[in-house]
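Structural overview
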Amino acid sequence: MSQQFPDFTVHDTLPKLLAHNAAIHGSEVALREKEFGIWNEFTWSDYNDRVREMALGLISLGVARGEVVAILSKNRPEALYGEIAIHALGGLSLAIYQDAMSSEVAYLLNYAGAHVVLCEDEEQVDKLLELGDDIPTVRTIVYADPRGMRKYDDPRLKDLAEVYELGRALHGREPDRYARELAAGKGDDVAILCTTSGTTSNPKMAMLQGGRFLEHCARYLMADPKGPTDDYVSVLPMPWIMEQIYAVAQPLICRIRVNFVEEPETMMADLREIGPSFVLLAPRVWEQIAADVRARMMESTPLKNALYDFGMKRALKALEQGRRSKLADFVLLRALRDRLGFSNLKSAATGGAALGPDTFKFFQALGVPLRQIYGQTETAGAYTVHLADDVDMNTVGKPFPGVEIRIVAPDENGVGEIVARHDGLMAGYYKNEKATVEDLRDGWMYSGDAGYFDKKGHLVVIDRIKDIAETANRVRFSPQFIENKLKFSSFIGECVVLGNQKPFISAILCIRYSVVSKWAEQRGIAFTTYTDLSARADVYDLLRQEVERVNETLPEAQRIRRFLLLYKELDADDGELTRTRKVRRNVINERYGRIIDAIYDGRDDIDIDTTITFQDGKQARIQTVLRIVDLGAPVVPLRKAS
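Just so it is clear, the model here is predicted, and its values are computed rather than measured. What you see as residue numbers is a count from 1 along each chain, following the sequence as written. Totals for whole chains, interfaces and linings use every residue, but because this is a predicted model, local features are given only for residues with pLDDT of at least 70 and side-chain atom pairs only at 80 or more, for both listing and counting. Note: side-chain values were computed over all heavy atoms of the structure, leaving out hydrogens and water.

Quick look at the domain arrangement of the protein now. Accessible area lost during the coming together of the parts is what is often quoted as the interface size. Residue ranges assigned to each domain were obtained from an automatic or database domain assignment. Here the protein is described as being made up of domain 1 (14-30 + 43-261), domain 2 (274-467) and domain 3 (469-630). Relative to domain 3, the C-alpha centre of domain 2 lies at a distance of 25 Å. With both chains or domains summed, domain 2 and domain 3 bury close to 2000 Å², and 49% of this area falls on carbon and sulfur atoms. Per-residue buried area on domain 2 facing domain 3 is highest for Met 298, Asp 358 and Asp 467; these three make up 27% of the total on that side. The rule for a salt bridge is simple: a side-chain nitrogen of Lys or Arg has to be within 4 Å of a carboxyl oxygen of Asp or Glu. Linking domain 2 with domain 3 are 2 salt bridges. For Asp 467, the salt bridge goes to Arg 585, with nearest N and O atoms at 3.6 Å. We call two N or O atoms a polar contact when they sit within 3.5 Å, provided that within protein one can donate a hydrogen and the other can accept it, with sequence-adjacent residues counted only if both atoms are side-chain atoms. Counting across the domain 2 and domain 3 interface gives 7 residue pairs in polar contact (both at pLDDT 80 or more). Two parts placed together each lose some accessible area; with a 1.4 Å probe, that loss summed over both constitutes the buried area.

Running from N to C, helix α2 (residues 44-60) and helix α6 (residues 160-173) point in directions that differ by 90°, and their axes come no closer than 7 Å. One way to sum up the angle between α2 and α6 is to call them roughly perpendicular. For the pair α2 and α6, the contacting residues are Arg 50, Arg 52, Glu 53, Met 54, Leu 56, Gly 57, Leu 58, Ile 59 and Ser 60 in the first and Leu 160, Val 163, Tyr 164, Leu 166, Gly 167, Arg 168, Leu 170 and His 171 in the second. Considered class by class, the residues forming the contact of α2 with α6 number 9 nonpolar, 4 polar and 4 charged. All axes are obtained by fitting lines to C-alpha atoms, using only the stretch in contact for helices, and the reported angles, taken between N-to-C directions, cover 0 to 180 degrees. Each helix is a run of DSSP H or I of at least 4 residues and each strand a run of E of at least 2, with the numbering of both proceeding from the N terminus. Roughly parallel covers angles under 35 degrees, roughly antiparallel covers those over 145, roughly perpendicular covers 65 to 115, and oblique covers all other angles. By definition, residues are in contact when any of their heavy atoms lie within 4.5 Å. Note on residue categories: nonpolar means Ala, Val, Leu, Ile, Met, Phe, Trp, Tyr, Cys or Pro, charged means Asp, Glu, Lys or Arg, and polar means any other residue, Gly included.

So, about unusual backbone geometry. In this structure, Lys 431 is a non-glycine residue whose phi angle is positive, near 55°. When you line up the elements, Lys 431 lands in the loop between β19 (428-429) and α15 (433-439). Only protein chains enter the accessibility calculation, which uses a 1.4 Å probe. A residue is then buried if its area is under 20% of the maximum for its type, exposed if over 50%, and partly exposed in between. Residue classification places Lys 431 among the exposed positions, given a relative accessible area of 52%. Positive phi, close to 65°, is recorded for Arg 474, a residue that is not glycine.

What follows deals with the pairing of strand β12 (residues 278-281). The side chains of a regular strand alternate between both faces of the sheet. Residues Phe 278 and Leu 280 point to one face of β12 and Val 279 and Leu 281 to the other, with burial holding for every one of them. Sheet topology note: the β12/strand β13 (residues 347-350) ladder contains 4 bridges and is parallel. When the sheet's bridge partners are listed, Leu 281 is paired in β13 with Thr 350. A strand pair is defined by DSSP finding two or more bridges across the two strands.

For each structure, a 1 Å grid was placed over the protein atoms alone; sets of points admitting a 1.4 Å probe that cannot get out are labelled cavities, open sets with protein on both sides within 12 Å along at least five of seven lines are labelled pockets, and lining residues have an atom within 4 Å of a point. Grid points are joined across faces, edges and corners, and a volume is the space filled by probe spheres set on the points. Applying the stated criterion across every chain yields a total of 5 cavities of 30 Å³ or more. Lining the largest cavity are 13 residues; nearest its centre among them are Glu 78, Ala 79, Leu 118, Cys 119 and Ala 144. Only α3 (77-88) and β5 (116-119) provide two or more residues apiece to the lining of the largest cavity. By residue number, the principal contributor to the lining of the largest cavity is α3, which donates 3 residues. Approximately 70 Å³ is the volume found for the second largest cavity. As for the second largest cavity, its lining consists of Leu 236, Pro 237, Trp 240, Ala 282, Pro 283, Arg 284, Gly 351, Gly 352, Arg 579 and Thr 580. Its residues placed into classes, the lining of the second largest cavity shows 5 nonpolar, 3 polar and 2 charged. Both domains that meet at the lining of the second largest cavity, namely domain 1 (14-30 + 43-261) and domain 2 (274-467), each give it at least three residues.

Residues belong to one nonpolar core when they are buried, are Ala, Val, Leu, Ile, Met, Phe, Trp, Tyr or Cys, and are joined through side-chain atoms within 4.5 Å. Within the largest apolar cluster, 151 residues are counted, with the highest numbers of intra-cluster contacts made by Tyr 47, Leu 109, Met 242, Trp 286 and Phe 363. Looking at which domains feed residues into this core, each of domain 1 (14-30 + 43-261) and domain 2 (274-467) gives three or more. Contact partners of Met 242, with chain neighbours within four places excluded, come to Tyr 220, Leu 280, Ile 373, Gly 381 and Ala 382.

Turning next to the packing of aromatic side chains. Pairing of aromatic side chains here covers Phe, Tyr and the six-membered ring of Trp, requires ring centres within 6.5 Å, and sorts the geometry by plane angle: under 30 degrees stacked, over 60 edge-to-face, intermediate tilted. In this structure the tally under the stated criterion is 17 aromatic pairs. With a centroid separation of 6.3 Å and an interplanar angle of 90°, the aromatic rings of Tyr 513 and Phe 527 are classed as edge-to-face. Placement of the pair is Tyr 513 in helix α17 (residues 513-522) and Phe 527 in the loop between α17 and α18 (530-534), with a sequence separation of 14 residues. A ring pair is formed by Tyr 567 and Tyr 592, whose centres lie 6.5 Å apart and whose planes are at 70°; its orientation type is edge-to-face. Here Tyr 567 is found in the loop between β27 (560-565) and α20 (585-591), whereas its partner Tyr 592 is found in the loop between α20 and α21 (593-600), with 25 residues between them in sequence. Tyr 592 carries the same exposure label as Tyr 567, and that label is buried. Put simply, the rings of Trp 286, Phe 342, Phe 362, Phe 363 and Phe 488 pair up and form one aromatic cluster.

Quick look at helix α13 (residues 326-340) now. Most pronounced at Leu 332, the bend in α13 amounts to some 50°. Those residues of α13 that sit buried are Ala 328, Asp 329, Leu 332, Leu 333, Leu 336, Arg 337 and Leu 340. Of the surrounding elements, those touching the buried residues of α13 are α10 (267-274), α11 (283-298), α12 (302-320) and α14 (357-366). Bend at a given residue is defined as the angle between two axes, one fitted to the seven residues that end at that position and one fitted to the seven that begin there.

Okay, the sheet that holds β5 next. With mixed pairing, the 8 strands of this open sheet are ordered in space as β7-β6-β5-β3-β4-β8-β9-β19. One side of each edge strand has no neighbouring strand; the edge strands of this open sheet are β7 (157-159) and β19. The sheet contact formed by strand β4 (residues 92-96) and strand β8 (residues 190-195) spans 2 bridges and is parallel. Counted as the bridge partner of Leu 94 is Leu 193 from β8. The strands touched by α3 within the sheet are β3 (68-72), β4, β5 and β8, with β3 carrying the most contacts at an inclination of about 175°.

Where helix α8 (residues 210-223) contacts helix α9 (residues 241-254), the two axes come as close as 9 Å, and the packing angle between them is 85°. As judged from the angle between their axes, α8 and α9 are roughly perpendicular. When α8 is examined against α9, the residues Phe 213, Leu 214, Cys 217, Ala 218, Tyr 220 and Leu 221 are found in contact with a partner set consisting of Ile 241, Met 242, Gln 244, Ile 245, Tyr 246, Ala 249, Gln 250, Ile 253 and Cys 254. Looking at the contact of α8 with α9 residue by residue, the classes come out as 13 nonpolar, 2 polar and no charged.

Printed below as a string of structure tokens:
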């Protein structure tokens, strides 16, 4: 596909490019959203009209050039309209994860000094109203969905329909006002405040300039072309930098259609209806899809299981030989891709964290054209990708055109810190000059990741430098690498590998409840809750087999010696994971220090008596005994909780 780009010297901001698309391709479908089972279509003209009305409406509400406006919404057209409208009036958009806890929302709003928040519905409005005086800068809360809102009388609340009406009224009084606002915007203006993952502390906000962001997204399209006949399904959170690329910026450049699913629960069904050309999914989603496929086979007939085993073995063998198995494709893979909605895929991407090689291999064998991408929020997202004919599951590919990468302070194996430079780098961290100076030096972004270039010129990323561990016996290992191998198991949801400055490597595992519960039901194993199921002896035996399978693929010195099953899932709401599902190791070490000590003290189990708080504020007391499995040692009977 030949790729032609707009003139970014003229259309140097996102709203200018939108206006250009509306003028030239106004009747072409730009967006689709499923609502009440029906796909509603919106053209480029519709898109531009809504953005103009919202921008002028926000101006009528007193939003001034240079102000921060926050967006708290799931992925839907109104979230896109809001973001581009903010840029059109010269504001800075700050998208916040819709599942963020109230304390996270308050921190971001206060730090940014946001006066206006664009909300999706009653749930998000409640979150803001409950904060009360904790968000003193917020003067207006705009909601898109009016259902359930009649009972509220807070003076800050404003229906989005009213904002549109204000915008239309201002347009009637000043027909050239919107054009003047667009003309006042420059490509070098900071347009997007994008939050970092915040693995060690509160997230920082990377300042991205609109024109530079568009140009960097065009570089991505040189490596992975897309066009007006292609479809993308937007399912990852809009605050994530890669969704900003795929759902916001790239469609403005190449006019790929963006489709919004009805609900997260209908994602796979909606994806199958669209049959997208391109998908971008986080590693946790790819892992979940792979686990669901294998879980479905548990419930299937012996014949289907036999066909599945036969087809996957043939496909994996063919993959190792660098080819595709036509027989496996006929027997299994074609139907399975169709079931998943992947029949029309030209390219699929994973990024945000490392994807385990076993999961990557699974989808490659399935015939999914999966590629790794790599980058950071501060670098305007990805800056490496696999080319279509040069995919290596152990690497993250090669740099985009115009991107420079160096390895700083390499060791004897060529492993050092990955630093990158290109024209789309962030302008700095918002209100944080100290962090800017630390991470952005002489035009180079220091990633904090360890990596090296292989013989083919591919970048290999090992782990965060601060997370690379060494046992007391001086055995170096990457916890993330081992964790990703463990999470390929259908039965393991999350895990934390331990062992830094310890005598051996161990792991805390969380069962994948949706799959393990089905497995238990099929075997007549009675259980009541996640905690109860994870403590069952049969489940421990099952997970022991999974850990031993992974151990067989690891060097002797890097094998897991002991593990236990945690009584709860790791949760971003508890601060244990980032919103992009990266483990916060410092939180784990602090919160579960007693459990970690028990693992390394040689104990067989540990009593747990704790209280967990749910998102709705309700609390539950958990009293249980966690078994600690010593691989290579006989199984010790579990004590009853005292």
